[in-house]
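# Chains, contacts and geometry: an overview
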Amino acid sequence: MFKKFLLLFLLPFLLVACTQKEITSQNTEGNEIPVTVETVSVQNITNSIELSGVAVPSVQMPLLTTSPLTVEKVHVRIGDRVKKDDLIVTLDSSTAKEQVAQTREAINELENALSKMKEVENMASNDTLLSEIPKLQEELNQSLQKSQSLLDGVETGAVTSLDLIQSSIEVMIKQAQLSSVASQVQQIPTFNTAELEMQLKQARQSLRQAEQLEELTRITSPIDGIISELNVIEDGIATPQLPIATVIQLDTINATFAVNSYQVSSLLPGQNVTLTFQGVSDSYESSIDVVSPTVNQQTNMFTVTVPVSNTEGKILGGMRTTAIVDIDELEGQTVVPIEAVLYEENEPYVFVIENNKAVRRQITVGFRDDKVIQVMEGLSEGDIVVTSGKERLKDGSEILIQESGQDS
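Every chain's residues receive numbers from 1 upward, in the order its sequence appears when written. Local features in this predicted model are restricted to residues of pLDDT 70 or higher, and side-chain atom pairs are both shown and tallied only at a pLDDT of 80 or more, whereas totals for entire chains, interfaces and linings draw on every residue. Hydrogens and water are ignored here; the side-chain numbers use all heavy atoms of the structure.

Moving on to the overall build of the protein. Runs of H or I in DSSP of at least four residues are treated as helices and runs of E of at least two as strands, each being numbered from the N terminus. The helix and strand inventory of the protein stands at six helices and 21 strands. With a 1.4 Å probe rolled over the protein chains alone, any residue whose accessible area is under 20% of its type maximum counts as buried; one over 50% counts as exposed, and the rest are partly exposed. Taking all 408 residues of the protein together, 36% fall into the buried category. Every residue pair with non-hydrogen atoms within 4.5 Å of one another is taken to be in contact. Once local pairs closer than 6 in sequence are excluded, the contacts in the protein between residues at least 24 apart make up 75%.

Take the number of residues in a helix, subtract one, and multiply by 1.5 Å to get its expected span. The first and last C-alpha atoms of helix H5 (residues 194–215) sit 32 Å apart over 22 residues, in line with the 32 Å expected at 1.5 Å per residue. Looking only at H5, the buried set comprises Leu196, Leu200, Ala203, Leu207 and Ala210. Projected onto a plane normal to the axis of H5, the buried residues spread over an arc of 80° and lie on a single side. Summarising the geometry of H5, the exposed residues directed more than 90 degrees from the buried face are Glu195, Gln209, Gln212 and Glu215. By arc we mean the arc of the directions from the helix axis to the C-beta atoms, nothing more.

The next thing to look at is the sheet that holds strand S8 (residues 237–238). Think of a sheet as strands paired side by side through backbone hydrogen bonds, with each pair either parallel or antiparallel. Strand pairing is assigned whenever DSSP identifies at least 2 bridges connecting the two strands. Spatial strand order, S6-S5-S3-S8: four strands in an open sheet with antiparallel pairing. Here the strands that pair on one side only, and so sit at the sheet edges, are strand S6 (218–220) and S8. Direction of pairing for strand S3 (residues 69–74) relative to strand S5 (residues 87–91): antiparallel, over a ladder of three bridges. Bridged to Val71 within S5 is Leu91.

Moving on to unusual backbone geometry. Of note, Asp85 is a non-glycine position whose phi angle comes to about 75°, a positive value. Secondary-structure assignment places Asp85 in the loop between strand S4 (81–82) and S5. On the accessibility criterion, Asp85 (54% relative accessible area) is exposed. Located in the positive-phi region is Asn346, a residue other than glycine, with phi close to 65°. Its location among the elements puts Asn346 in the loop between strand S15 (342–344) and strand S16 (347–354). Given the relative accessible area of 71%, Asn346 is considered exposed.

Here is the structure:
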């Protein structure tokens, strides 16, 4: 009876003990971490530099006005393709047209006056004019009085510059007529037309300037291209401080990069470059065109430019770009796949397989390409390193090597 009672009492404990032993055995068998591995090899590696930059249209033409003017009409929208000389924006031309009209009228007056003066010179030898001296003197006095009256009226704003020119011309004509007749009796010396000719020359220059101003109220495209920017609206004001519009060409893109003094020392025009652009699946082959010889004082960086053919128009201005620049080739280097390397506080390390365990090993790395990285110290040819599943490992972890491509 006592034995039966003892057996019933111990049975639960025996069952628990057996269960724990079974679980412990199962856990021990499941501690092996599945990984894939690669063998450390010796091969040639291309030394390259990776740069980050931006795509910039190779041709950008800002369109400006020389003075603040009202916008009458905007003829395009952003993204429109335009041809050279296509009308982009029309500005208010009323003031320019008025200046052209007034200047042309002044030129006509001056030309007529000069012609009359020359006629007077030719008639100076005519004796019949001698009797005209008193009459001409009276007409001259009247012209002088009229001119003085006009000058007095300038302050009131009732007299225009054209009125003053006309009055001045009338006085000069009367003086010329009187001088020419008087010269016959040697009373005064003969006059010349140099002053009037100078005024005529200045008036013609003013006309050219006024015509140019009128022409500049029609803003046209200087090139075939695409409208990338519009900074005006109809009835708004176009100012010289801000481009009215910008026309770009995208057939060629300049990939531009800001590089530091360490990088720029390894870069030269003509070096081969592989480019990728954010949002574009294709990669592009090109070469460095320009390496800035001086640093940008604001950024303390150097500019590197790489032109790219963009005839299909896939690359747009402002896209982020990455460049891989081949510097040189290193022969016979110890390398591991890039995916085998881990970092802790910027210190690289790998897991090496020894006796079916993962052993953590610090390494010193050098150059890299798109697949492998140079190992300067820490590994030898033939070592086996973990490439996937490494994130779960600790120094001394037991591992289960899987074929490449299996899920870890």
